[in-house]
Amino acid sequence: MGCGAAGHGAVRGPPGPRGGAAGASQRAGLQREVPSNCIKTSKYNIITFLPVNLFEQFQEVANTYFLFLLILQLIPQISSLSWFTTIVPLVLVLTITAVKDATDDYFRHKSDNQVNNRQSQVLISGVLRQEQWMNVRVGDIIKLENNQFVAADLLLLSSSEPHGLCYIETAELDGETNMKVRQAIPVTSELGDTSKLARFDGEVICEPPNNKLDKFGGTLYWKESKYPLSNQNMLLRGCVLRNTEWCFGLVVFAGPDTKLMQNSGRTKFKRTSIDRLMNTLVLWIFGFLVCMGVILAIGNAIWEHEVGVCFQIYLPWDEGVHSAFFSGFLSFWSYIIILNTVVPISLYVSVEVIRLGHSYFINWDKKMYCAKRRTPAEARTTTLNEELGQVEYIFSDKTGTLTQNIMVFSKCSVNGHSYGDVQDVLGHKAELGERPEPVDFSFNPLADPRFQFWDPSLLEAIKLGDPHVHEFFRLLSLCHTVMSEEKNEGELYYKAQSPDEGALVTAARNFGFVFRSRTPKTITVHELGRAITYQLLAILDFNNIRKRMSVIVRSPEGKIRLYCKGADTILLERLHPINQDLTNVTTDHLNEYAGEGLRTLVLAYKDLEESYYEEWSERLHQASSAHEAREDRLAQLYDEVEHDMMLLGATAIEDKLQQGVPETIAILTLANIKIWVLTGDKQETAVNIGYSCKMLTDDMTEVFVVTGHTVLEVREELRKAREKMMDASHSTSNGFSYQEKLSSSKLTSVLEAIAGEYALVINGHSLAHALEADMEVEFLETACACKAVICCRVTPLQKAQVVELVKKYKKAVTLAIGDGANDVSMIKTAHIGVGISGQEGIQAVLASDYSFSQFKFLQRLLLVHGRWSYLRMCKFLCYFFYKNFAFTMVHFWFGFFCGFSAQTVYDQYFITLYNIVYTSLPVLAMGVFDQDVPEQRSMEYPKLYEPGQLNLLFNKREFFICIAQGIYTSVLMFFIPYGVFADATRDDGAQLADYQSFAVTVATSLVIVVSVQIGLDTGFWTAINHFFIWGSLAAYFAILFAMHSNGLFQMFPNQFRFVGNAQNTLAQPTVWLTIALTTVVCIMPVVAFRFLKLDLKPELSDTVRYTQLVRKKQKTQHRCMRRAGRVGSRRSGYAFSHQEGFGELIMSGKNMRLSSLALSSFTARPSTGWIETLRKKKGSDSSTAGSPSSAASKTLKV
């Protein structure tokens, strides 16, 4: 696209006002091509809200179902219930959902308006004027000041810094808080005042809008010359200007065309797997309802034809009914209305209330509150809580999510000697916990007081004048692009492009080689108190391909030297052969550092002859001025000079992990959650962090690295990885033949059943090929067979594509967690998106479903809140379907005894109040507060999480069991009272059997049975549970007696005709005996089944509860013994502390094995793990036979 033939004035406005002289036709043509700078993330406006929201809501099968029933109830000929029984709850549900959606969208509007109404200084008619961001257009020239956000994607024209430099922070884009340098092209860097900028009439031809944050290609045509443009000349929307007083930029992309918005992805409507299952079940239930309606309608037609025709005088057909067939047809619709309570609308209201309660529990959790940042956890959506208990894959960003992005100089190797190990007073390597005082840098007045180092021998070498150590730190003080700022004398502030560079320069500063200042041509360093100025001849900058940077300097003595630092894989092969012995020693040190998860760099130097440098410099100048193949020519020259270097040593930097990351990853892995790291960082860094956080370990069978540049190379590397895994599995198959494993229906299942632990590391360019349609399945098969997967140098779009790939083929619940704008697409694509809130920007948080400040809180979010939410929702649904089938199916059985006349068993007030008053609050209390085990045990036994992943607690099988129990209850509920009432008499000898007495008896039996059932289902009793259960029973009897009272009859004689019926019926001992018999017969099989199941085949949660009881008994006994004054031996004292203490090992990676051993001592039954058995059937978890989680599952008896 082009940006203005005459500067920004060519884009919009009349000739002149916004600074150009282009014709109106040019402006109009360009205006059609480019959008405004206004952004929109909201879904509705005032006009579209009602129709669009209702359309979305009626996409829910249940809402459409209830609307259909409402229409039926409005037809008098078939309506057997009042219309208000359906319309009131339907309108209530639609209104609550609409208010929630409107509130969410209001906040999106508010956020959009806040951004769109930010002020920016735009150059208009040669004068800077305040304009809202939404009014900024392509071609405008904008002035930015320090600490301001960049309004659009700008071409940097000039700045307050020398040579058109400026510094930006890109936290909103990539989560990194370190500063980056951008530079204007030399020809525009002099345009510092508004009068010159007003006359600027350049034209920019550039690439179309795209989502590549690190690439930009374009050309500036100005004054009959053309100037190449790159990403180094661009300021992207979302960046913040730092340490630069002001700068001017030309708007190239605006609004949705900016790279930030191109990476934001579409907002997707997320629904849980339970929601999707519920839609299916509602359709099945509707089919079942139709079948029952058809059966009863046929019965009605037959009855009317055979029997009813004989009673036409007493029971005439309704007006318009002329045949038994038509009577049956009307009866069908009447029964559809009566039986619709198998899925009451109150189910959906209750689900929303329960989810809201779970969301508040997350918001109120003090253990997920970060006091340092004053940031609580926040559930930003209420619809996904139970899915937190079913996560199988976590996709995590690295920088700012797993790490703090704070680099610390930890160790170094100089001339074959390693420094940095903590020494004790005798000079030996100190053990953990024996750290002495840090090195004293008080001799250096310019030292950074925050820097700490623990090995004094390195400082001794400096003081003794070791030339290698001096040259080592001299290199660190010279070879970098750090900028220094000295606000007060001796107070140095370094502005580094990367935290690595900042850490290295700070280390050199503390050891006496202080980088003090720089100009474009010089670098001033204080070496052990003496100021020395070096002439800076060239900077050979770092990029992802070179993986190294060099500087060429001239010392005061006139000696020209090249200093280079870079990745060991690149630099070691560029050394002079004379360094071989030193290389071997240094390589050993590098391997040692890498094993500790440290980030390493190799340092080298080379002396250059004056004549060679002059000739090389001339060729460099020619290559820099070339218009074609400039990058390739520069790379060749850099490569030429960076050969035959002399090795100085290596550095090791610790990228500090966030607190608790290794422990969190270890416990989540034990819960059979697979963690993939998707990072934009380089491979070496990502792998080091993988080792630091224990995702990668030295015990792994193999770590596969895929770095192919072509489709064929990537395919071949993936194929070799699969072959190695299959071969290893074949050789250690313990009796299973290769052919037997291949008989599985899916290769994925075979690969996931392999023995050994593997990891996969893949680069961004390789991933681009692996994600192509013809290779994505191969990549997924290989990756899913690995315990850990790390994707490096990936774009934000690739992150989303990886998540989408797993969602597409694995049918597993995915969670994405990140902290920067580059994670937004991934967060929106995953089933659940989690944003890390804090100092790295808010883009990820705004796009997320849940947010908190530290990665370690993810463990609690999933294992406690997620597991409980899933458990509660499943128990709620099972009970809800049970109680409603028990309630509704009584009508079906009654139909066979009332001539299929669509007569209801209960009065319509009981039907209306059953789900709203009598049974709603107890099940809500269970759905909100229930627990199977306390939160400490949920964290201590990660295996408790697996039933959610396997969807064991509510699925089609569990649904049919609930339905069967409900139908069984309804049969007994109807036929026991029916049988008793057939011959029963009152105390006065009168016949007991009348319709109203039967209705009261069945209704009372039903309320008592379902109340006892929820008492059995409740695993965690609170005062609220007691109040709701007994209160609901009391409310039932109070309302029952009130509705049959004389007072209501006098006020509403047409509505409450059966005065005293309840009192008379419930005064009969026969009725109470009937109710008691019905309750016992309905409940006893459930109690017996659960008792036998607990005794013969307990679940893991049952075993954990049993363990807890044993612990409590032991503590009670221990306290009694202490009160009795008994003094135990050391051995018995140790035994007690051992029994109570193994829970404290949760923070170590071994806690699951110990806990499993403890459990097995309480459950000596030789039953195999039922979860593992089921998982093998699914072909999804046998892969970790040698892993801690597998070892735990083998030991654990459940």
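**Q** Explain the pattern of salt bridges to me, please; I cannot follow it from the model alone.
**A** Two side chains with opposite charge may pair up if their charged atoms get near one another. With the rule as written, the count across this model stands at 44 salt bridges. For the salt bridge of D1102 with R1105, the shortest nitrogen-to-oxygen distance reads 2.4 Å. Highlighted residues: D1102 and R1105, both in helix α39 (residues 1100-1123), separated by three residues, approximately one helical turn. Exposure remark for R1105: the relative accessible area of 31% places this residue in the partly exposed category. Each of E471, R474, E527, R561 and D607 takes part in a single network of salt bridges with overlapping partners.

**Q** Just to check I follow, could you spell out the packing of helix α34 (residues 995-1017) against helix α35 (residues 1023-1043) for this structure?
**A** If you want to describe how two helices pack, look at the angle between their axes and the distance between the axes. Between α34 and α35, whose axes approach to 10 Å, the crossing angle comes to 170 degrees. The angle between the axes of α34 and α35 places the two elements in the roughly antiparallel class. Within the contact between the two elements, α34 uses V1000, A1003, T1004, V1007, I1008, S1011, I1014 and G1015 and α35 uses I1029, L1033, Y1036, F1037 and L1040. Its residues assigned to classes, the contact of α34 with α35 shows ten nonpolar, three polar and no charged.

**Q** Would you mind going over a nonpolar patch on the surface with me for this structure?
**A** On the surface, I295, F896, F897, F975 and Y978 cluster together into a nonpolar patch covering about 460 Å² of accessible area. With respect to the element layout, I295 can be found in helix α8 (residues 273-306).

**Q** Help me out: how do you make sense of unusual backbone geometry in this one?
**A** With the exception of glycine, the majority of residues adopt a negative phi angle, and the majority of peptide bonds are in the trans configuration. Even without a glycine there, the phi angle at N672 is positive, about 65 degrees. In this structure, N951 is a non-glycine residue whose phi angle is positive, near 55 degrees. Owing to a relative accessible area of 25%, N951 belongs among the partly exposed residues under this scheme.

**Q** I keep staring at the sheet that holds strand β30 (residues 758-763) and nothing clicks. Help me out?
**A** Strands belonging to one sheet form pairs held by backbone hydrogen bonds; the direction of such a pair is parallel or antiparallel. Taken together, the nine strands give an open sheet; going across it, the order is β15-β34-β33-β32-β16-β28-β31-β30-β29, and neighbouring strands pair in mixed fashion. The open sheet is flanked by β15 (378-379) and β29 (702-706), the only strands paired with a single partner. The pairing of β30 with strand β31 (residues 788-792) spans five bridges and is parallel. Bridge pairing links I762 to C791 in β31. Together, β29, β30 and β31 form the strand contacts of helix α19 (residues 683-692), whose direction differs from that of β31 by roughly 155 degrees.

**Q** I tried to follow the packing of aromatic side chains on my own but got confused; where do I start?
**A** The way to describe two aromatic rings as a pair is by their centre distance and the angle between their planes. All told, the structure shown has 61 aromatic pairs when counted by the stated rule. Ring centres 5.2 Å apart and planes at 85 degrees place the aromatic pair F472 and F473 in the edge-to-face group. Classification of F472 as buried rests on a relative accessible area of 0%. Grouping aromatic residues by their ring pairs yields a cluster made of F892, W893, F894, F896, F897, F900, F974, F975, Y978, F981, Y995 and F998. Positioned above the aromatic ring of W133, the side-chain terminus of R118 is 5.0 Å from the ring centre. If you follow R118 out to its NZ or CZ, it ends over the ring of F149, 4.6 Å from the centre.

**Q** How should the sheet that holds strand β4 (residues 127-132) be read in this particular structure?
**A** One open sheet holds the six strands; their spatial order is β4-β3-β5-β14-β6-β12, and the pairing between them is antiparallel. Strands with a single pairing partner mark the edges of an open sheet, and in this sheet they are β4 and β12 (234-235). Looking at chain direction, strand β6 (residues 153-159) and β12 are connected through two bridges and run antiparallel. Residue pairing across strands places L154 opposite L235, the latter belonging to β12.

**Q** Honestly, the confidence of the model for the chain in this entry has me stumped. Any pointers?
**A** Per-residue confidence for the chain averages 81 on the pLDDT scale, and 84% of its residues sit at or above 70. Here helix α40 (residues 1130-1141) stands out as the element of the chain with the lowest mean pLDDT, 28, in contrast to helix α12 (residues 467-478), whose mean of 96 is the highest. Every residue in residues 732-748 is under pLDDT 50, and counting partners more than four places away or in other chains gives 16 contacts. Ignoring residues within four places in sequence, the model shows residues 1177-1198, a span with pLDDT below 50, making 59 contacts including any to other chains.

**Q** Mind showing me how you'd approach the nonpolar core here?
**A** One finds L347, Y906 and F910 to be the most contacted residues of the largest nonpolar core, which totals 98 residues. Not counting residues within four places of it along the chain, the set of residues in contact with L347 comprises M278, F876, L877, F880 and F881.

Quick notes on the rules
- Residues numbered from 1 in each chain as written.
- Predicted model: local features only at pLDDT ≥ 70, side-chain atom pairs only at ≥ 80, totals over all residues.
- Heavy atoms only, no water.
- Salt bridge = Lys/Arg side-chain N within 4 Å of Asp/Glu carboxyl O.
- Helix = DSSP H or I, 4+ residues; strand = E, 2+ residues; numbered from the N terminus.
- Buried < 20%, exposed > 50% of the residue type's maximum accessible area, 1.4 Å probe, protein only.
- Axes fitted to C-alpha atoms, helices over the stretch in contact; angles between N-to-C directions.
- Parallel < 35°, antiparallel > 145°, perpendicular 65-115°, else oblique.
- Contact = heavy atoms within 4.5 Å.
- Nonpolar A, V, L, I, M, F, W, Y, C, P; charged D, E, K, R; others polar.
- Patch = residues over 30% accessible without salt bridge, like charges linked within 9 Å, V, L, I, M, F, W, Y side chains within 5 Å.
- Areas by Shrake-Rupley, 256 points an atom, 1.4 Å probe, with all protein chains shown as cover.
- Pairing = 2+ DSSP bridges.
- Phe/Tyr/Trp six-rings, centres within 6.5 Å; stacked < 30°, edge-to-face > 60°.
- Lys NZ or Arg CZ within 6 Å of the ring centre and 35° of its normal.
- pLDDT = per-residue confidence, 0-100.
- Core = buried A, V, L, I, M, F, W, Y, C linked by side-chain atoms within 4.5 Å.

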